[in-house]
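Below, each chain spelled out in residue letters.
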Amino acid sequence: MVGMDRRSALRTLLPALGLVLLPRRLGAEEDIAVPVPLQMDLLLKVGAYDRNLPARARGVVRVVVLVKRDHARSKLVAEQALRALADKTVGGLPTELAVHTFSDGPNLTERVQSGRVSILYLAPGFGSRELLTIARALAGQNVLSAGAVADFVQTAVAVGFDLVSGKPKLLVNLRRAREQGVDLSSQVLKLAKVLE
Amino acid sequence: MRAFARVGFLALALGAGTARAEEPRDTTDLEGLLETTVVSAPSKTAESAALAPATSVVLTAEDFKRYGIKSLDEAINFLGRGMVVEKDFQTGEIGARGVLLTSDFGSHVLLMVDGHVLNEQWSGTAYYDRTTAVPFELIDHIELVLGPGSVLYGSNAMLGIVHIVTKRAKDFQGVHVYADSEASLAAPGSTLRGAAGFGRQFHFGETPAELVFEAEYYTQSGPTFDFGPQDYGPDSVTMDVRDYDVNPADRKYPPGIWGGRGNDAYYMRAPSAYLKVRVGDVEFSTRAAVSKRTEPTDSGNFDDPASYQIDRWLHGDLKHTLQASALVKLSTRLYADAYDYNQYWTSNGASDCLAGQNNGCLWRLRGAANSVGLEPQLTLDWLEDGRLVTLVGVDGRYNRIRSDVNYFDNVTGVSPGAIGPDSPTEIDIAAYVQQTYWATRGLGFNAGARLDIDELYGSAVLPRAAVVLMPWRGGTVKGIYSEAFRAPTAFDIYYADPTTQIPGGTSLEPERVRSGELAFEQHFGAQLIELSLYYSKWRELLLGTPASDEEIDAAFARGELEDGIDEAVQIQNMSRLTSYGMDIGYRGSMAAGRLNYAIGITEAFARREEPDGFRARLAVMPHTFGNARVAYDLGAGLPTLALAGRYVPRRPMSDYPHESGDFADAAVELRLHVSGPIARSGVSYGVGATFLSATTGAYSIGSETLPNGEIERMPTDQFRLGASLAYDLPL
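If you're wondering where the values come from, they're calculated on a predicted model, not measured in any experiment.

1. What about the overall build of chain A?
Part 1: Helix and strand counts for chain A stand at 9 helices and 8 strands.
Part 2: Taking all 196 residues of chain A together, the buried fraction comes to 59%.
Part 3: Across chain A, the fraction of contacts at a sequence separation of at least 24, relative to all contacts at a separation of at least 6, is 69%.
Part 4: When the accessible area of chain A is evaluated, it comes to approximately 7,800 Å², of which 50% is carbon and sulfur surface.

Shown next as structure tokens:
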């Protein structure tokens, strides 16, 4: 038998208790229900069903991960996404990957246009105002947008990923898809939860 | 702005000017990805089941709805793989991969809901039947993790882990009302369940928040079976003929004969409620549940409703997660449990009671455990991209346990005093570490260990190592080595009964298992085939063992046995066990997910070995078992048609109370279920029929035999019809 000094054990436990009780104002962790590598596999697969992607890509699918400045989780997810996307193709086309730190709407529009971005993936960290700004910046652009957080599809992006019953679910915001020149086949839409 | 380029597939890039997009001809690859199951129990991280360091099976709420599943035993038996639940009246005994230890009260499997352990701290009991008492519609999915899993969770996870994950508010929005009932046709009886729930996402100030809640009430009466007759002769103490049936109105046999129509004491009442609230990074969940139940044979009398068991639970779990930087994530969990158990066992016979209680007694066993614990956990993502991640955690828990036994005289209502009253307190401390490393995208390693230190039994170190290789498209090969333990519980150590049992004592060692496994899976679009081969060795198994004469004499000297008792059992570290075998699974979908099907087969062999070299096959556990299912959604508001079946072959009967060597009959159980929405009403329905081919189960009844000399076997509920209604009001 291994005896244990109860007081010493409590001395160990009590400081740890403080970690729970201390207030934290570093920002809520958003839900990334579907693991990022699986999201990337899904995103590339969905991209292949976007009828406008070949014309948009012109030979190379440029994928940009949009991150929030000074946001730890945003940075982490971006790195995970880049790692998962490395060496992958979309419908047989090679990919070119980049990260863009969000500053404002016009800057994002400029980045999408000048960089001929085919797919824009939003890492977590964006608040509702920023999401609206992003949605406006992408309206009228020719880009397939997707988000790491399922709720992003309600506001800003055309494609999202949720986890239901332990399996990923594809979410498609048809309005955003139309605004952003995304044309997904009806076969794909049958597999998705479509938000009008 | 940080811009950089990583150009994929050099050859393709060089030929980019000539590259042509290939528009996929069908969506099977996408369907396959959408069939990927995500688990969190194996490594405390959400990951594809294929990449997890354990073989995992996910049972989904979608399938529960399709097949009319309403309890954990049904979910495991019809939808699971590798695990099986054998029903002993209402109680489900769980086994996996060739090993089922009868009367272990589910303590060799770790049961969790949202990461909170449900095995109570008095005896390690967890229920895999209606007594699980988690409101069923609130369950999003259930993860079955096969094989030893103590590396991150500690005691009990010897056969595996059953992890219930509840729904998020987004999947449970609005108000929900449910009602369902099943009627037994072959032997009259019925069940009724009503439930109501609520889910909502909202903002708490600027912070996103959500709440889900469901409460349910389940009641079961019957089915009504006929039992006996078994002739026990006169009471061995008073030499009088005993009157077994306490309800003279429906007495079938004369006094002295046990048996009759069991129409008074086969019931269950199980209310339960679960609440989960999340505000930003903080989540709080709580569960309150009660299960009161009995069956006609669970008494010293026959069909006595005053004889029953009741479990009560209340737990709370507060979690906080902080992503401090891309490198550091800190999670902390504060949890508390209150549990108690009471068993009331009636008898009109002096031979079941203490000396002097010649008119019988009420035997009452009480057990209770109150716990509070704290689990801080640190995740270090060294390369800040998920490739090299260290998880370090500490879990400290304070337990206060109480138990006693009383014999209340039937005439005076007085007990001579509590027997074996114990109220030990203990502190368990555990520390664990897990290192994952993805050397390439197709080669990953996971290694970890956990040190558990407990005042009751000492310490245990549990390692696990796994390598995951994805050698080709859609294929995964895993090699896993893992160990697990089950700590001797307060019940094992302290429980005593002066007429039957000597305490196990503080020298009991933890049960241990080590296991090696090779797993393979291959995706073909939306089709998946899985195969696992495993070998495990168990040692120091705790077993109720007949005490030697010396041990009985010593017990008398300590006052632990009554005068005149010449036989008693004691829990001892007695057995070893070897098991090996394989699981095979195939599942898939077609027609854009409208046609779903799966099959799972487990073939496993296990032998228990005593110190004297005696080897025996395990009772109740089948060598082979499996299930198959198919469902088709007709679409456009039409119903979903579903058929599920399972098979267990001949298997040894339970060796208590008879060591007969008899075998239980093979059984096929089929369920046909039709479900769908009622147009634009918010109401959905389900109707189903369940047929079981075997008329008897794997458990025997009574210590005597029937007049024909055969052992009486537990009857089964052969044919049931069920119906359910659900009303969902989105808000």
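2. Describing the state of the cysteines
Residues and elements named next belong to chain B.
Part 1: According to the stated counting rule, one finds 1 disulfide over all chains in the structure shown.
Part 2: Disulfide pairing is shown between Cys353 and Cys361; the S-S distance is 2.1 Å. On the S-S bond that ties Cys353 to Cys361, the torsion sits near -85°, and the link is left-handed.
Part 3: Since its relative accessible area comes to 5%, Cys353 is described here as buried.
Part 4: For Cys361, a relative accessible area of 1% translates into the label buried.

3. Regarding the side chain of Thr489(B)
Part 1: Looking at where Thr489(B) falls in the secondary structure, it is placed in the loop between β26 (475–486) and α6 (490–494).
Part 2: Residues contacting Thr489(B), with those up to four places away along its chain left out, are Trp122(B), Ser123(B) and Gly124(B).

4. Let's talk about unusual backbone geometry
All names here are of chain B.
Part 1: The omega torsion across Gly222 and Pro223 is 10°, close enough to zero to call that bond cis.
Part 2: Mapped onto the elements of the fold, Pro223 is located in the loop between β13 (207–221) and β14 (225–231).
Part 3: Of note, Glu540 is a non-glycine position whose phi angle comes to about 60°, a positive value.
Part 4: Mapped onto the elements of the fold, Glu540 is located in strand β29 (residues 527–546).
Part 5: Under the relative-accessibility criterion, Glu540 is labelled partly exposed at 29%.

5. Focus: the packing of helix α2 (residues 36–48) of chain A against helix α4 (residues 72–85) of chain A
Two numbers describe a pair of packed helices, the interaxial angle and the distance between the axes.
Residues and elements named next belong to chain A.
Part 1: Packing of α2 against α4 leaves a shortest axis separation of 9 Å and a crossing angle of 55°. One element, α2, and the other, α4, form an angle in the oblique class. In this structure, the crossing between α2 and α4 has a hand that is right-handed. Across the interface between the two elements, Val36, Pro37, Met40 and Leu44 of α2 pack against Val77, Gln80, Ala81, Ala84 and Leu85 of α4.
Part 2: In terms of residue class, the contact of α2 with α4 is made up of 8 nonpolar, 1 polar and no charged.

6. A short note on the pairing of strand β33 (residues 624–633) of chain B
All names here are of chain B.
Part 1: Pairing of strand β31 (residues 595–609) with β33 involves 9 bridges; the strand directions are antiparallel. Pairing of Gly600 across the sheet is with Asn627, part of β33.
Part 2: One ladder, built from 8 bridges, connects β33 with strand β34 (residues 640–648); its direction is antiparallel. Opposite Gly626, over in β34, you have Tyr647 as the bridge partner.
Part 3: Joining the antiparallel neighbours β33 and β34 is a turn of 6 residues, in which Gly635 adopts a positive phi near 75°.

7. Considering a nonpolar patch on the surface
Residue and element names in this part refer to chain B.
Part 1: Residues Leu185, Val630, Leu643, Tyr647, Val668, Leu670, Leu672, Phe691, Phe719 and Leu721 make up a contiguous nonpolar surface patch of about 820 Å² in total accessible area.
Part 2: Among the elements of the structure, β34, β37 (667–678) and β41 (719–729) are those that each provide at least two residues to the nonpolar patch.
Part 3: The element contributing the most residues to the nonpolar patch is β37, with 3 residues.
Part 4: Note on placement: Leu670 falls in strand β37.

8. So, the confidence of the model for chain A
Part 1: Averaged over chain A, the pLDDT score is 86; the fraction of residues at 70 or greater is 85%.
Part 2: Within the model, pLDDT remains below 50 along residues 12–28 of chain A, and this stretch shows 26 contacts once partners closer than five positions in the same chain are excluded.

9. Regarding the environment of His623(B)
All names here are of chain B.
Part 1: With respect to the secondary-structure elements, His623 resides in the loop between β32 (615–617) and β33.
Part 2: Taking the relative accessible area as the measure of exposure, His623 reaches 17% and is therefore buried.
Part 3: C-alpha of His623 to C-alpha of Pro42: the two residues are 581 residues apart in sequence and 26 Å apart in space.
Part 4: Once you skip the residues sitting within four places of it in the chain, His623 turns out to touch Thr602, Glu603, Ala604, Phe605, Ala606, Arg607 and Arg617.

10. Quick word on the packing of aromatic side chains
Residue and element names in this part refer to chain B.
Part 1: Evaluation of the coordinates by the stated rule reveals 22 aromatic pairs over all chains.
Part 2: With a centroid separation of 6.3 Å and an interplanar angle of 20°, the aromatic rings of Tyr586 and Tyr597 are classed as stacked. Placement of Tyr586 in strand β30 (residues 569–590) and of Tyr597 in strand β31 is noted, with a sequence separation of 11 residues between them.
Part 3: The buried category is assigned to Tyr597, whose relative accessible area is 18%.
Part 4: Feature note: the residues Phe89, Phe225, Phe227, Trp258, Tyr266 and Phe302 constitute an aromatic cluster, connected by ring pairs.
Part 5: The ring of Tyr308 is capped by Lys292, whose NZ or CZ atom sits 4.4 Å from the centre of that ring.
Part 6: Directly above the aromatic system of Phe663 lies the positively charged group of Arg650, at a separation of 4.3 Å from the ring centroid.

Calculation rules
Residues numbered from 1 in each chain as written. Chains lettered and ligands numbered in written order. Predicted model: local features only at pLDDT ≥ 70, side-chain atom pairs only at ≥ 80, totals over all residues. Heavy atoms only, no water. Helix = DSSP H or I, 4+ residues; strand = E, 2+ residues; numbered from the N terminus. Buried < 20%, exposed > 50% of the residue type's maximum accessible area, 1.4 Å probe, protein only. Contact = heavy atoms within 4.5 Å. Areas by Shrake-Rupley, 256 points an atom, 1.4 Å probe, with all protein chains shown as cover. Disulfide = S-S within 2.5 Å. Axes fitted to C-alpha atoms, helices over the stretch in contact; angles between N-to-C directions. Parallel < 35°, antiparallel > 145°, perpendicular 65-115°, else oblique. Left-handed = near helix turned anticlockwise from the far one by under 90°. Nonpolar A, V, L, I, M, F, W, Y, C, P; charged D, E, K, R; others polar. Pairing = 2+ DSSP bridges. Patch = residues over 30% accessible without salt bridge, like charges linked within 9 Å, V, L, I, M, F, W, Y side chains within 5 Å. Salt bridge = Lys/Arg side-chain N within 4 Å of Asp/Glu carboxyl O. pLDDT = per-residue confidence, 0-100. Phe/Tyr/Trp six-rings, centres within 6.5 Å; stacked < 30°, edge-to-face > 60°. Lys NZ or Arg CZ within 6 Å of the ring centre and 35° of its normal.

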